[in-house]
Each structure stands twice: as structure tokens, then as C-alpha cells.
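Summary of structural features
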Amino acid sequence: MSSSAQHGDGEASFERSAESDRAASQVALLAPALAEIPTRFWFSIHVALTVFIACALLWMALKSAIASGVDLTHSELRDRILYLPFYMFGPVAVVLANWRVAARQMPPPGNAILLFAIVGLTHLGLLAASTGLQFLFLCMALASVVAALRWRRGQYEPAVIAASTARRVNWVDAIAIVAICMLLLPASSDRLAAHIGISIAKISYFVGPGLYSYGSHLTPGLDFYSHYGPGLGPAFSYLMGSGWRNVAISAVELTVAITLLFYGAEYLLLMFLTGSRLLAFAAPVFTAVLNFSTYLAFDAPSAYPARYPLLFPFVLAFGWFCGGRQRLAPVLVMSIFAGISLFWHTEVGLYLILAGCGGIFISRCNRPLELATIVIFVVGSIAMFFAVSWLFLGPSSLSWSFLTAAVQPIMAYAGGWDGEVVRWNTIWSVFYNLPLPTVAIVTIGGLWFFMWCRPDALSVRERQVAGVLAMLSFVGLGMLTKWINRSLDAEWHQNAAPLIVVICWWGHFLWSTSGARIALAKAGRATRVGVAAAPFLAAGLFLLKVTDRANPYPYGLPAYIAYPSLAKAIVAPSHLYDELSYRDYFASTDTMGWDWPQLLTGISADDIALIQRHVPPHQRALVVSLVDWAYLAEAQRPPKSVFMPLMFAFDPAFADRSFRDADLVFVDNRPLNQAPDASEQLVNLINKDYAPTSERSTTLTLYRLKKSAEQPRPESPPR
């Protein structure tokens, strides 16, 4: 071997030795409280899984009560019985167990091998339960015995390396955020909106509620049904423009814009939490790609971060509350974000209010006087909700009936739409159903323990980080609670986004405080690269293989690859607008083009003139069509129907309310039997009470109320 080669090997060996020495020298930098966190984490995981086993046994006992006449056949109720006690009592058990161990001044007991045994046996038992096998209780009993063994004296490997701290943002971070934007921005908003076409999701979320702004003082919940929250329509009305094309494009662009801001904020949040640019970039990309389902990207705003645009500002405000001495200022900021969220999306706003109350309680309410902080937060949130409502909707929003009507939509789909019993028969279900909720519970319990039992053990920054993680856990558990029984993988993905941030932080922290990091520093370059690449390869495999047998759509990477992003326009411009088909997923062979559908382009000027001639400005018009929103957007008339689009109304009462006091109905001459929900009911109402007139346009026929039908009708609900 040449002297130069020997010299090179010597330098490489010296560099590895120096890196190992630098890692070992950080032992003294690790605060005692941080040094015990990994040990307490694994111990708390054992405690939480023990609680889960108890809840699972309770679930099985109540499931057997069906034979006793107790109706537990509904999957939603059964799954709530399994998970809600776990969410409620898990953090309490974690706090009490850590307090007991700390009071005895002993290291938390346990063994890492037993942890995997508990997870495996619990999963096996619940798989048996879902398939009706009889050896369930044997599996549960074994899991209980294994869980009991964790109380033996022992200790996990202590932490030896300090965790990374936050870095200052510079041009590298700007490049990373621009890269995320290029992955998500469409090459053409017009072509993307045309591809989405007449998909109803964006109509019921943004477009339909926004059209009511053409009327005079129409209030969500009182004059029409706002599907997700009272603020979506009024806010969108300032952005939608005029005409159906501009309205459709604006809805897509708003969804994309909020998504970009959310994932850019996720990058910055992970930079604050971990200081790792690689993780801060990989996690938003993973979450964003995981959010893609079907070939209709950004067609359903409710399946994207448009549901919770203020999540991260709210979470950071709570971190400020936990880390600083000020109480009133951060609580007021939290109440502002929670109140606006309640106005924007009722369900998410309620989650933030409940999570805020829980977070304030576990962080400060070991002193009874601090309970007043919760009252200030709740009152401030409700006051902010009414203030924003008054600003957008006027005095009619300052009523109790408006508040109750605004809260009503949260029950939509709560009855198990596309619901199944929690599934335990896939590899991914192990990840879905146990680790993330368990880690969230441990995170909440950990903040609770330190803030109540050892408030001076953590620095200001450490309390801020713990507060952010605990609040993400609170909100994540709340968002998952309603959708426990959802079979759609995409619904799980979008609601689990906060918990994905939490588990990323724990993975980074446990690796940073592990002795394995020092051992890896002494290994060769190939070994280090292989170990570093393993989690990213696993994430890529997850994105490639994730499926939902109950809903055979493309998910993850297969769905994203079909999306015409700016990045795809650069890498593969010839395949930017490939023809797409659901032939492989459904019996239908219909292709999905990138041009506007005929149902929209067939709307002519005389159609709009017919509506405008018979309906004065600001008066509501009733159009029965698959694209009723497009006619009204062109005519600039508010809908008479209480739900948009009316053909897809999921409640039969919506059709009756829409036709109440309606003397004129504009009916599309094209077939109406393509709508699966309310088409038959609407056709029957029209044939029974209305007669066609000679006034027609290219695609519309004007129907008038028959004289025989002119009789007193039930009054509208009181405002």
C-alpha cells in the first residue's frame, strides 16, 4: 500500500475518532432533566400500553354485551368505547406512574424487549377480535402478563448526547421552502381546475357558501346550511371573482395557497423543534405526498390543510405560554386563533378550544387560581368568534340561534360514513392504531408531570418545546377521535398531521440522545449512510404501498405522480397532462381529461339572461342542475337552495326547505340522473308542484308553481 493511501486512511480514522470524541464530550452539556427523558419516555410507553390493554379488554367485554341486549353493533360506538377511555386515562396513568417512581427516587423500571412483546400481543389479540376468533382473551391475558413484567427493577440506557437546538433561518431554508412549493404548486391552475371539473367537494366547501354573498344579509346556519363553518363562504366571496371559471379556479388556488403556507410553516416549526434541516424538509414532503388521494388533487379542501390554517400559530402561542412568565398575553393570542378557527371551520375551532383548555390545565393549574386562565381563554375565544362573525355577517350573527346553527355541521358524517371497525389486519394498521396515539398520550403526560411535579427542571426553551409538542398531541388526538372508524386512509392522513410532527421530534430526540449515535460515528462511511438512509427508504416504501381496500383509489406516491406540479413540468414535461383513468380501480372506463367538461362550457349567455330576467339582483334563484353553482355564479344571484350543490344534498330536508316558497324553478334540460343523492326527490317535487313554461334557453327551462300547489306551506325555521 502506498504512503498516500496510508496517509488517507489515517486521516479518515482520525476524523472518525474526532467525531466520536466530540459526541462524547457533549455528555456534560445534557441537563439532568433531559438526560432522564428517554428513560421516562419508554417507561411511559409501557404505562400507556398497559392502559390500552385494559381499554381493549373493556371493549371486548362490552362487545359481548350484544347478546345481553345492549346495542353495540354500530362500528362508531364500538371504536369510541375502545379509544376514548384510552385518550382520557392514558395521560393520567403516565403522570401518576412517573410521580410514583420519582417519589421513590428510583429509575423507571422496564425492558425494551418487553415493549415490543406488548405491542405484538396486543395487536394479535385485536386482530383476533376483528376476525371473530376465540383466542383473543388468551392473547390479551399474555399481553397483560408481559405488561406486568415491566415493574421489575431495571433501567433503560441513559441519554449521553445533547439534543440539537434550533438554528437560525438562512438562504438554505429559503431554498428548501421553495422546493416544497415547487412540489405542490400546479403548473397551471386553469388546467387543474378543469381536471377537477364538477367535483362537488370544492362546491360545498368554498363555492356554494360564497355564492350567498350575492344576497342581502343571508346568514350561515339560519338562511342556508354552511357545510363546515360559517366563515368559509363570506371569506371566499372576497376572492372568488365573477363567472363560473373564475370561481372554480379561485377555490383551487385558495386550497393550494393554504396548503403551501401550512407545509412551509411545518418546515419552520421542525427547524425550531429539532434544528435538523433534513428532517424539517422530509417531514412536510412526506405529509404532503401522503395527503394525495385519487387523481383529483386539491379537489376537496376539507381533505387538505385548508381545514386548519391556524393550527401552527395556535400551537406556537401555547409554547410561548408554557415557556414564559406571561400568562395573559399568550392566552389572548391563543383565544384569537381559536376564535377565528371556530368561525372558519367549526369542528377544528372546537378542537382548538378543548385542546387549549387541556393544555392550560396540565401546564399551570396545579395552583387553583390558574383555573381563571382557562375561563379567560374560553371567553376570549367565543368573544373573538362573535366579533369576526359580526364583522363579516352583521348583527344577525350575534344570537344564540346562530351559534347553535354554526355548531350543527360538526355532526355531519359522524355516523360512520365509509366507516368500518378499526382494522388490525394490515401492517400499516399497527402504525395507525397504536404508536401515534400512544406517543401523543406520553407527550401530554410528560409535560403534565414536569409542569406539576418538577416545574424548575426544564429551561425556558425546553418548556416551549414541550408545550408545542403537547398541544400538537392534544389537537391530533382530538382530530382523530371523530375519524377513528373512517375506512378512508386519506382521512386518517390529513387528521394525523399534528401527530406526525410529534413522532418526528421524538425520533430525532431519541436518536440524538442515544449511545448508538456514538457507535455509528466510529463506523465506516457506508454504514453511516445506510443507517441514515433507512428511515427515508421506509417512508418512501410507505408512500408507494399505502392502500385502502375498502376504497380502492390511488394514494400517496401513485396519486402524486399524476399531479401536474411545477417540479413535474421541469422533470417530465411530456407527461405533465397524461390521460388518466380509474379503469384499474373501478368498473368505469371513463377517462379524466384536462379540459373543462361540457356541462360547464355548454352554459350560454341566453341561459344567464333567462335567470337575470326573472330574478332581480340580490334575490335568491332556485336552479336544479348538476352545475347549479355555475349558473348562479354567471348570473350573480344567490342560491334559493339551502345547500349547494342541491343535487348532492345528503339530507332530504334540504330539498323540502329549498322548494319552500319557491314560485320559479330553473331546470336543466340535460339529464339529472347522474347525481346519486337527491335527484329522484327533486324530480318528484318538480313534477308534483310545478309546470313547465314556454320560456326556455339553451339548457334551461323555467317552471312555475301550479295553482293547485299554491297553499300554505310550513313556515321557515325561526331565525
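Residues numbered from 1 in each chain as written. Predicted model: local features only at pLDDT ≥ 70, side-chain atom pairs only at ≥ 80, totals over all residues. Heavy atoms only, no water.

Along the protein, the regular secondary structure elements total 30 helices and six strands. Counting across all 719 residues of the protein, residues that qualify as buried make up 55%. For the protein, the computed accessible surface area is about 30600 Å², with 63% contributed by carbon and sulfur atoms. (Helix = DSSP H or I, 4+ residues; strand = E, 2+ residues; numbered from the N terminus. Buried < 20%, exposed > 50% of the residue type's maximum accessible area, 1.4 Å probe, protein only. Areas by Shrake-Rupley, 256 points an atom, 1.4 Å probe, with all protein chains shown as cover.)

What follows is about the confidence of the model for the protein. Summarising the model, the protein shows a mean pLDDT of 78, and 73% of its residues fall at 70 or more. The secondary-structure element of the protein with the lowest mean pLDDT is helix H1 (residues 3-25), recorded at 45, while helix H13 (residues 328-344) shows the highest, at 94. Low pLDDT (under 50) marks residues 585-590, which in the prediction has twelve contacts with non-local residues, meaning those over four places away or in another chain. Per-residue pLDDT stays below 50 along residues 713-719; that stretch engages in 18 contacts with residues further than four places along the chain or on separate chains. (pLDDT = per-residue confidence, 0-100. Contact = heavy atoms within 4.5 Å.)

Bringing the nonpolar core into the picture now. Of all hydrophobic cores here, the largest spans 193 residues; its most connected members are Trp 629 and Phe 659. Counting residues per element, this core draws most heavily on helix H10 (residues 244-274), which supplies 17 residues. (Core = buried A, V, L, I, M, F, W, Y, C linked by side-chain atoms within 4.5 Å.)

Take helix H23 (residues 525-545) next. For an α-helix the count is 3.6 residues per turn, leaving residues at separations of three or four pointing the same way. Here H23 contains 21 residues, and its C-alpha end-to-end distance of 30 Å stays within 8% of the 30 Å for a straight helix at 1.5 Å per residue. Of all the bends in H23, the largest measures some 35° and sits at Ala 534, one to four residues before the proline Pro 535. (Expected span 1.5 Å × (residues − 1). Bend = angle between axes of the 7 residues up to and from the residue.)

Below, the discussion takes up the packing of helix H11 (residues 277-290) against H23. If you want to describe how two helices pack, look at the angle between their axes and the distance between the axes. Between H11 and H23, whose axes approach to 10 Å, the crossing angle comes to 10°. One finds that H11 runs roughly parallel with respect to H23. Of the residues in H23, those in contact with Leu 278, Ala 282, Phe 286, Val 289 and Leu 290 of H11 are Phe 536, Ala 539, Phe 542 and Leu 543. Of the residues that constitute the contact of H11 with H23, the class distribution is nine nonpolar, no polar and no charged. (Axes fitted to C-alpha atoms, helices over the stretch in contact; angles between N-to-C directions. Parallel < 35°, antiparallel > 145°, perpendicular 65-115°, else oblique. Nonpolar A, V, L, I, M, F, W, Y, C, P; charged D, E, K, R; others polar.)

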